[in-house]
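Listed below are the residues making up each chain.
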Amino acid sequence: MIVKVLGSAAGGGVPQWNCGCSNCQAAREGRAPYRLQASIAVSGDRINWTLVNVTTDIRLQLARSANMQPSKPRATPFAAVVLTDANIDHVAGLLEFRQADVLHIYSTDVVRETVCCNPMFEPLRRGGKEWHAFEATADVATVTLPVPGLHVKAIAVPGLLPSYAGSQALDGATVAYLIEGGGKRLLYAPIFLELSAELLRQARSADAVFLDGTCWSDGELIDLGLGRRTARAMGHAPVGGPDGSLAVAAGIPAEHRYYTHVNNSNPLLDPSSAASRELREGGFAVALDGLEIDLDGHS
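Each value, and the rule that gives it
Along each chain, residue indices are assigned from 1 in the same order as the chain's sequence is written. Per-residue local features of the predicted model are confined to residues with pLDDT of at least 70, and side-chain atom pairs are confined, for both listing and counting, to 80 or more; whole-chain, interface and lining totals are unaffected and use all residues. For the side-chain quantities, the full set of heavy atoms in the structure was used; hydrogens and water were omitted. Put simply, two rings from Phe, Tyr or Trp (the six-membered ring, in Trp's case) pair if the centres are within 6.5 Å, and we call them stacked under 30 degrees between planes, edge-to-face over 60, tilted for the rest. In this description a helix means any DSSP run of H or I spanning at least four residues, a strand means any run of E spanning at least two, and both kinds are numbered starting from the N terminus. Accessibility here uses a 1.4 Å probe with only protein chains present; expressed as a share of the type maximum, an area under 20% marks a residue as buried, one over 50% as exposed, and anything in between as partly exposed. In these notes, a set of buried Ala, Val, Leu, Ile, Met, Phe, Trp, Tyr and Cys residues joined through side-chain atoms within 4.5 Å is what counts as a nonpolar core. Residue contacts are counted whenever heavy atoms from the two residues lie within 4.5 Å of one another. Being paired, for any two strands, means DSSP has found at least two bridges between them. Helix axes are fitted only over the stretch in contact, all axes being lines through C-alpha atoms; the angle between N-to-C directions runs from 0 to 180 degrees. Here a polar contact is taken to be a pair of N or O atoms separated by no more than 3.5 Å, where protein atoms must pair a possible hydrogen donor with a possible acceptor and residues adjacent in sequence count only if both atoms sit in side chains.

What am I meant to see in the packing of aromatic side chains here?
Centre-to-centre distance and the angle between the planes together describe a pair of aromatic rings. Per the counting criterion, the structure on display carries four aromatic pairs. Between the aromatic rings of Phe 78 and Phe 97, the centroid separation amounts to 4.8 Å while the plane-to-plane angle is 40°, which identifies the pairing as tilted. With Phe 78 in the loop between helix 2 (58-63) and strand 4 (80-82) and Phe 97 in the loop between helix 3 (88-91) and strand 5 (103-108), this pair connects stretches of sequence that are 19 residues apart. Here the two residues Phe 78 and Phe 97 agree in accessibility, since each one is buried.

Following this line, the structure appears as structure tokens:
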């Protein structure tokens, strides 16, 4: 099973177009890498790809991926799309797929109805495009994809609806995905309000783990004058602190351990920061755009 990181940043990317913070400036000046918005692609054979979340950067992300190009004049280089939530930075790129002849999208019923209440997304439920919804009524739900060699489970996680839909805590607002192939397991959890017992249990069984790295501290955006809401008010558990996800995730045995969906405000983007040192000491790294992991042997 191959995992490719298409993007590793939170909404807006790094640098964000309207942000002059130190992390964004470092990226503009070439002292730090550019980061597109968080998404991954997964394949069992390097031919049939599944996307997890679709950002507005998707055209550039696919253009940078040589093995995800169309194989004929009109072709879709992926077999399925799965969504963790209804946030704009995870679903808006679906509009680029309105021209697909065949498209299979998978999400909770809550996510589908939240997104499709906007008539712009209605074409994604017609013709050869199908939006398959499942109920997040249990801790784990099986998601059957038209993809050979991959088996997918949705893991219910505590989360909020996006701000445009009211920010309520609601079952089905957010899920993580456990993807199995070739005897290996990948856990992708780019957004959660709490690293729950079930999510932690699944992480401990995985060979590769990607966790929500949006903010290092809860009040980060407020402290830096970059926003008015805390990380938790936006649906994200902070990474640092005694009750942060890094402390809870201590001891996860996965060979590959990463944080993704990193906001431009996060000190983890500075490798010399105390937060970055703490992350490394905890056995994790920050994912990089373009990172490719072959769980069958080579990274």
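Just to check I follow, could you spell out the nonpolar core for this structure?
One broad trend across soluble globular proteins is that nonpolar side chains are buried collectively. Core analysis: the largest hydrophobic core is formed by 32 residues, its most contacted members being Leu 187, Leu 199 and Leu 211. Counting residues per element, the ones that place at least two in this core are strand 9 (175-181), strand 10 (184-189), helix 5 (197-204), strand 11 (208-212) and helix 8 (274-281). Those residues in contact with Leu 187, other than ones at most four positions away along the chain, are Ile 155, Ala 176, Tyr 177, Leu 178, Leu 199, Gln 202, Ala 203, Ala 206, Ala 208, Val 209 and Phe 210. Judged by nonpolar contacts, the second largest core, of 30 residues, contains Val 5, Leu 145, Ala 154 and Phe 210.

What is the right way to read unusual backbone geometry from this model?
What you tend to see is this: most non-glycine residues have negative phi, and most peptide bonds are trans. Following Val 14, the chain continues into Pro 15 via a peptide bond in cis, with omega recorded as 5°. Relative to the assigned elements, Pro 15 resides in the loop between strand 1 (2-7) and helix 1 (22-28). Backbone geometry places Arg 46, a non-glycine residue, at a positive phi of 65°. Among the secondary structure elements, Arg 46 is positioned in the loop between strand 2 (39-43) and strand 3 (49-52). Non-glycine residue Ser 167 carries a positive phi angle of around 65°. Looking at the secondary structure, you find Ser 167 in the loop between strand 8 (151-156) and strand 9.

In this structure, what is going on with the sheet that holds strand 1? I would like to understand it.
The pairing of strands in a sheet happens through backbone hydrogen bonds and is either parallel or antiparallel. Ordered in space as 6-5-4-3-2-1-14, the seven strands form an open sheet in which the pairing is mixed. Both outer strands of the open sheet, strand 6 (129-134) and strand 14 (292-294), are each paired with one neighbouring strand and no more. Along the sheet, successive strands turn relative to each other by an average axial angle of 20°, direction set aside. With four bridges connecting them, strand 2 and strand 3 associate as antiparallel partners. Following the sheet pairing, Val 42 is matched in strand 3 by Thr 50. Contacts from helix 4 (residues 109-116) reach strand 5 and strand 6 within the one sheet, and its direction differs from that of strand 5 by about 115°.

What is the right way to look at the environment of Gln 61 in this model?
Looking at the element boundaries, Gln 61 is found in helix 2. Along the primary structure Gln 61 and Thr 230 are separated by 169 residues, whereas in three dimensions their C-alpha atoms are 29 Å apart. Excluding residues within four positions of it along the chain, Gln 61 makes contact with Leu 6, Gly 7, Leu 36, Gln 37, Ser 39 and Thr 55. One polar contact links the side chain of Gln 61 to the main-chain carbonyl oxygen of Gln 37, over a distance of 3.0 Å.

Sorry, what's going on with the environment of Leu 36 here?
Take Leu 36: it is sitting in the loop between helix 1 and strand 2. Along the backbone, Leu 36 and Gly 227 are 191 residues apart, and their C-alpha atoms lie at a distance of 20 Å. The contact partners of Leu 36, leaving out residues within four places of it in the chain, are Leu 6, Gly 7, Ser 8, Ala 9, Asp 57, Leu 60, Gln 61, Arg 64 and Asp 289.

Would you explain the sheet that holds strand 9 in this entry?
If you walk across this open sheet you meet the seven strands as 7-8-9-10-11-12-13, and the pairing is mixed. Only two strands of the sheet have a single neighbouring strand rather than two, namely strand 7 (140-143) and strand 13 (285-286). Two strands pair when backbone bridges link them, and strand 12 (residues 256-260) and strand 13 are joined in this way by two bridges, in the parallel orientation. Note that in strand 13 the partner of Tyr 259 across the bridge is Val 286.

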